[in-house]
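Coordinate analysis (summary)
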2 protein chains.
Amino acid sequence: MQAPLNPDSSPDTVAARLRIVLVGTQHPGNIGSAARALKTMGLHRLVLVAPQKFPHADAEAMAAGADDVLASAARFDTLAEAVADCRFVLGCTARSRRVQLRELRPRDAAAAAHAQALDGGEVALVFGRERTGLENSELQLCHAAVHIPANPDYSSLNLAAAVQVLSYELRLALLGETAAPSAVAPVSTDAVPHAQLEGFFAQLADTLEAIDFHKGRAPDSAMRKLRRLFVRTGLDEKEVRLLRGILADAQRMAQLAGERRER
Amino acid sequence: MQAPLNPDSSPDTVAARLRIVLVGTQHPGNIGSAARALKTMGLHRLVLVAPQKFPHADAEAMAAGADDVLASAARFDTLAEAVADCRFVLGCTARSRRVQLRELRPRDAAAAAHAQALDGGEVALVFGRERTGLENSELQLCHAAVHIPANPDYSSLNLAAAVQVLSYELRLALLGETAAPSAVAPVSTDAVPHAQLEGFFAQLADTLEAIDFHKGRAPDSAMRKLRRLFVRTGLDEKEVRLLRGILADAQRMAQLAGERRER
């Protein structure tokens, strides 16, 4: 699926093969919000099928800085025309009860869409009307349905929210982040090497001695716990210096207390 | 980390430990949209920190059927109070330039949040002001930052869109659909709640004062670095007790040195 040497497979080129299609949108404000949502995710092809009111001031207002997306939006009378050149068409549904379509989760849908686009195919993600969604005849133009697994008791994502979620998944796919579980580095990459940590631990042990922390108990147990704690933290160089500065002052204070005691 | 036989680990019980915190929201309409966004994803705990206008008709209007979420929203004056009982606090940032926090992608952040909540911990996802985000002092209360990988040329997701994306990832985690455990145990599951950490930080600040660590410099910078270090570590209760014992001895020593100096 990956073709890193193909110049045609850069994220931008691939994104240019992905279109977001809004069918029969009732509120022009939603067209603007959808434009903004897809642009935040690095997409830019918006296609409108028979919008009820467009162009419209509400669309401009909600698009914020995505007016270029609105201005370049293609417009068709029917979904069939809007997806005529597409190799893969995904219909977003609240629940595809009416048509027996394969139903994909957003992540799998994005992976499938991305694979098609990477391979040079044109891909459409289709969103229906605010209240009634896509009609039967429109769903029949889709290769699969995509369903956002919403709260069954309150599944009313608005149009722009649904576009946001699907565009987000497309973006992760474009960035190549879907599969690999971005192995989260458990400690900072700036963590000092162990040898430097040992110097800190030695001074820490001396300080505990100086401030009479152990009070007769064996020092091993406390030092073991402190070692575990600071090793886990992954201290960087500045932090080691800061902590050793604090220890130095505590040692100085203990010495002062001791000297005065001796007099 | 999984305990499927534990009745306490049903998605609803776990969801009840996840709170969405909005800090200093300027437009009440955004509070309503955010309420709707989180409810569509099966969450219901909204917490407001110093909202500029609330309650407000715009919030009701945008919440659509999520008025129950609005009505039950808790309200605090400061973020510290809002997350006092939390074991894991995630700050949503456009980019965490200012504070050296570990930055997680939404998927990993949701997995980590879910793991904590599954283990019985209270978890907060924190969203800042529309224009200015979270302040430095607020980010310092966070164990990690979460960043939605938006289009660098147009990264202005609105507040509700960001809440939608993060809530969606939390829902996938609740449904057990995130690709398994990129074993993101970011902090120990035994980590103490924030309020307990604050007691430790207060004593640490007092100790630095007592041992004359600052020597005329402003104490803020050192404390900020130390906070970051210990929040990242995820201290458990025994560790906090151990560290506070050491501080108490250092304070005692400083007092002794001072007393003897005065004679």
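Here, the structure is the one placed above.
Our subject in this report is the structure included herewith. (Residues numbered from 1 in each chain as written. Chains lettered and ligands numbered in written order. Predicted model: local features only at pLDDT ≥ 70, side-chain atom pairs only at ≥ 80, totals over all residues. Heavy atoms only, no water.)

Side note on the environment of Arg171(A)
Inspection of the secondary structure puts Arg171(A) in helix α8 (residues 159-174). In this structure the C-alpha to C-alpha distance between Arg171(A) and Met62(A), which are 109 residues apart in sequence, comes to 22 Å. (Helix = DSSP H or I, 4+ residues; strand = E, 2+ residues; numbered from the N terminus.)

Points about the packing of aromatic side chains
This structure, assessed with the given rule, holds six aromatic pairs over all chains. Taken together, a centroid distance of 5.5 Å and an interplanar angle of 40 degrees make the contact between Phe200(A) and Phe201(A) tilted. When sorted by exposure, Phe200(A) lands in the same class as Phe201(A), which is buried. One aromatic cluster in this structure is built from Phe200(A), Phe201(A), Phe230(A), Phe200(B), Phe201(B) and Phe230(B). Here the guanidinium or amino end of Lys39(A) rests over the ring plane of Tyr154(B), the centre of that ring lying 4.6 Å away. Positioned over the ring face of Phe213(A) is Arg217(A), at 5.5 Å from the centre of the ring. (Phe/Tyr/Trp six-rings, centres within 6.5 Å; stacked < 30°, edge-to-face > 60°. Buried < 20%, exposed > 50% of the residue type's maximum accessible area, 1.4 Å probe, protein only. Lys NZ or Arg CZ within 6 Å of the ring centre and 35° of its normal.)

Examining the interface of chain B and chain A
At the interface, 65 residues of chain B touch 64 residues of chain A. Counting the surface chain B buries against chain A, the share from its top three residues, Tyr154(B), Tyr168(B) and Met253(B), is 13%. The shortest N-O distance in the salt bridge between Lys215(B) and Asp249(A) comes to 2.7 Å. Where chain B touches chain A, the interface holds 20 residue pairs in polar contact (both at pLDDT 80 or more). Counting residues per element, the ones that place at least two in the side of chain B that touches chain A are α2 (28-40), α6 (106-118), α8 (159-174), α9 (194-210), α10 (220-233) and α11 (237-262) of chain B. Top element by residues in the side of chain B that touches chain A is α11(B). It accounts for 14 residues. Tallied by class, residues from the side of chain B that touches chain A come to 35 nonpolar, twelve polar and 18 charged. (Contact = heavy atoms within 4.5 Å. Buried area = accessible area lost by both parts, 1.4 Å probe. Salt bridge = Lys/Arg side-chain N within 4 Å of Asp/Glu carboxyl O. Polar contact = N/O pair within 3.5 Å; in protein donor to acceptor, adjacent residues only side chain to side chain. Nonpolar A, V, L, I, M, F, W, Y, C, P; charged D, E, K, R; others polar.)

Comments concerning the pattern of salt bridges
Taken as a whole and judged by the stated rule, the model has 24 salt bridges over all chains. If you follow the salt bridges from partner to partner, you end up with Arg19(A), Arg45(A), Asp85(A) and Glu122(A) in one network.

Observations concerning a positive patch on the surface
A surface patch of like charges, here positive, comprises Arg224(A), Lys225(A), Arg228(A), Lys238(B) and Arg241(B). Elements represented by at least two residues in the positive patch include exactly α10 (220-233) of chain A together with α11 of chain B. Broken down by element, the residue count for the positive patch peaks at three residues, all from α10(A). Note on placement: Arg228(A) falls in helix α10. (Patch = residues over 30% accessible without salt bridge, like charges linked within 9 Å, V, L, I, M, F, W, Y side chains within 5 Å. Areas by Shrake-Rupley, 256 points an atom, 1.4 Å probe, with all protein chains shown as cover. Lys, Arg positive; Asp, Glu negative; His and termini not counted. Charge placed at Lys NZ, Arg CZ, Asp CG, Glu CD.)

Regarding helix α2 (residues 28-40) of chain A
Residue and element names in this part refer to chain A. Taking 1.5 Å as the rise per residue, α2 with 13 residues should run 18 Å; its terminal C-alpha atoms sit 19 Å apart, in good agreement. Along α2, 13 of the 13 residues are buried, which leaves the element largely enclosed by surrounding structure. With its phi angle positive at about 80 degrees, Gly-42 sits one or two positions after the end of α2. (Expected span 1.5 Å × (residues − 1).)

As for the sheet that holds strand β5 (residues 103-104) of chain B
Residues and elements named next belong to chain B. The seven strands lie next to each other as β3-β2-β1-β6-β4-β7-β5, forming an open sheet whose pairing is parallel. Unpaired on one side and paired on the other, β3 (74-76) and β5 mark the two borders of the sheet. In this structure, strand β2 (residues 45-49) lies alongside β3, joined through three bridges in parallel fashion. Bridge pairing in β3 places Val-49 opposite Phe-76. Where α2 meets the sheet, it contacts β1 (18-23) and β2, and its direction lies at approximately 155 degrees from that of β2. Each of β1, β4 (88-92), β5, β6 (123-127) and β7 (144-146) is contacted by α6, which is oriented at about 160 degrees to β4, the strand it contacts most. (Pairing = 2+ DSSP bridges. Axes fitted to C-alpha atoms, helices over the stretch in contact; angles between N-to-C directions.)

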